[in-house]
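Observations on chain architecture
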Amino acid sequence: MGLLFFALFLVVSAASADEDAFIGVNIGTALSDMPNPTQVVALLKAQQIHHVRLYDADRAMLLALANTGIRVTVSVPNDQILGIGQSNATAANWVSRNVLAHVPATNITAIAVGSEVLSTLPNAAPILVSAMKFIHSALVASNLDSQIKVSTPHPSSIILDSFPPSQAFFNRSWDPVTVPLLKFLQSTGSFLMLNVYPYYDYMQSNGVIPLDYALFRPLSPTKEAVDPNTLLHYTNVFDAVVDAGYFAMSYLNFTNIPIVVTESGWPSKGDSSEPDATLDNANTYNSNLIRHVLNNTGTPKHPGIAISTYIYELYNEDLKPGPTSEKNWGLFDANGVPTYILRLTGSGTVLANDTTNQTFCVARVGADRKMLQAALDWACGPGKVDCSPLLQGQPCYEPDTVVAHSSYAFDAYYRRMAMADGTCNFNGVATVTTTDPSHGSCIFPGSGGRNGTFTNSTSPVPSSNSTASGCHSRYFGSSDAFTSLVVVGVLLWSATFL
């Protein structure tokens, strides 16, 4: 499948952070065939991934990362927090073994003290801030406190009443922890680590949250969520949760602590109770998330200030307990084969490898035939797609079915629109795939020109009266009843795409 369409340079700036906004990845190790550290680093370098988060401070992994320039967040495992939080000497020992032994060769830039401690290890919560302070003191003693920041990841569930975001507040029962924690982050110039999972928000909403809203798909203005107190419009769950974090901090009078999202992603496979854990949804979410961060979109509360984010995760972890989805959050399998090809066209990134021609827009399996026909007629008419290859005697006439013909037309439109967001939807009857649908002499526009006939997405758009779009008579010449249906469909599609 080639290299993943993935380049995660620091290409946008965040005014409230010490460094530019970035996309990184989490590296879990619950694999039955875990690659060795050298293999992991080779994959990171091949994909130009410059930020990683480890769930521990594995010595072999840190040695493999030496002299790569990759910025590394190391972690104090939850089972070590009690010892570190009760002893300054134990904390200094941990820093000496796991940080001082590796810098500056290994570019350690942050230490995550535990993970979701308040919800998963509440008995350690009273000494969480002490553990962070002791770790920080050891860094100060080594003159590393300006280079390495100390924080701790929180689940977004610690934020209550998260919509509208302006009404959000932290669970007040944790005030004895959160208030001194925020004071520590503020005084040390650190950031709030927040895990944001729109997948779980969507799954737990019982249909209240639309799938498109969770996946960053384009919404009409009437479907955007509006905060009645601020009149800010929210087009995705991710922004709403992040802004809820900002508002929750401001409720406690902390207004200058940036947020870094330490985990976010979407599972590519699930069991029968997880129908939306699919390859297409995982691809859509992560592709849109990366584009959203690297395009410096920001959030409604802080426009233009992008949120640095670590994708969960690098590998599928087959040893993770729980439902099928828990094992399938990875961008790669253990052999380094991409789970899917990220669709990042237009993200402004530098690419590890050109795979822009490796995704295709085709008819969705089981789509309503009349809806497909209406979409096909629109694509070959107002959509200005050259559908002449679909005419009788031409390469893509066979098979003579609305599914086959609409797949070709959808892909042609998708390519002509440079694979922009929302251009492979057609009111839900189209979907993106990484499987080349070309067959025989019928070469789809997105195939990269296997027979030299690839149509570049920057080619001139056919005019509305162009004779090249030869499908009008075929698809607009049916019975009066169906013609009426098509006309209505065309009007709807025109309103959507033109």
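Residues numbered from 1 in each chain as written. Predicted model: local features only at pLDDT ≥ 70, side-chain atom pairs only at ≥ 80, totals over all residues. Heavy atoms only, no water.

**Details of the overall build of the chain**
Counting secondary structure elements, the chain contains 15 helices and 15 strands. Residue burial in the chain is summarised as follows: out of 498 residues, 53% are buried. When contacts within the chain are restricted to residue pairs at least 6 apart in sequence, long-range pairs at least 24 apart make up 72% of them. Accessible area of the chain: about 20200 Å², with a carbon and sulfur share of 54%. (Helix = DSSP H or I, 4+ residues; strand = E, 2+ residues; numbered from the N terminus. Buried < 20%, exposed > 50% of the residue type's maximum accessible area, 1.4 Å probe, protein only. Contact = heavy atoms within 4.5 Å. Areas by Shrake-Rupley, 256 points an atom, 1.4 Å probe, with all protein chains shown as cover.)

**Details of helix α13 (residues 402-416)**
Residues separated by three or four positions in an α-helix point in the same direction, a consequence of the helix having 3.6 residues per turn. Between its first and last C-alpha, α13 extends 21 Å over 15 residues, near the 21 Å set by a 1.5 Å rise per residue. Counting buried residues along α13, 14 of its 15 residues qualify, which places the element largely inside the surrounding structure. Two residues or fewer past α13, A418 is found with a positive phi of approximately 60°. (Expected span 1.5 Å × (residues − 1).)

**Observations concerning the environment of L185**
Relative to the assigned elements, L185 resides in helix α7 (residues 175-188). Assessed through its relative accessible area of 0%, L185 is described here as buried. Between the alpha carbons of L185 and M132 there is a distance of 9.6 Å; along the sequence they are 53 residues apart. Once residues within four sequence positions are removed from consideration, L185 is found in contact with M132, V150, S151, S190, F191, L192 and I257.

**Quick word on the sheet that holds strand β3 (residues 71-76)**
In spatial order, the strands read β5-β4-β3-β2-β1-β13-β12-β9-β6; together these nine strands make up an open sheet with parallel pairing. The two strands at the open ends of the sheet, each matched to only one other strand, are β5 (149-151) and β6 (153-155). Across the sheet, the axes of successive neighbouring strands diverge by a mean angle of 25°, strand direction being ignored. As defined by bridge partners, β6 adjoins strand β9 (residues 192-195) across three bridges and the pair is classed as parallel. When the bridges of β9 are listed, H154 appears paired with L194. Packed on one face of the sheet, α7 meets β5, β6 and β9 and runs near 170° to β5. Running at roughly 160° to strand β13 (residues 309-311), helix α11 (residues 279-294) makes contact with β1 (23-27), β12 (259-264) and β13 of the sheet. (Pairing = 2+ DSSP bridges. Axes fitted to C-alpha atoms, helices over the stretch in contact; angles between N-to-C directions.)

**Examining the state of the cysteines**
Applying the stated criterion to the full structure yields three disulfides. Here C361 engages in a disulfide with C424; their sulfurs sit 2.0 Å apart. The sign of the S-S torsion, about 95°, decides the handedness of the disulfide formed by C361 and C424: right-handed. Taken together, the residues span a long stretch of sequence, with C361 in strand β14 (residues 360-363) and C424 in the loop between α13 and β15 (430-433) at a distance of 63 residues. Taking relative accessible area as the criterion, C361 reaches 0% and is therefore assigned buried. Note on C424: relative accessible area 13%, which makes it buried. Here C396 pairs with C442 through a disulfide, and the sulfurs are 1.9 Å apart. With the S-S bond torsion at 100°, the cross-link from C396 to C442 turns out right-handed. (Disulfide = S-S within 2.5 Å.)

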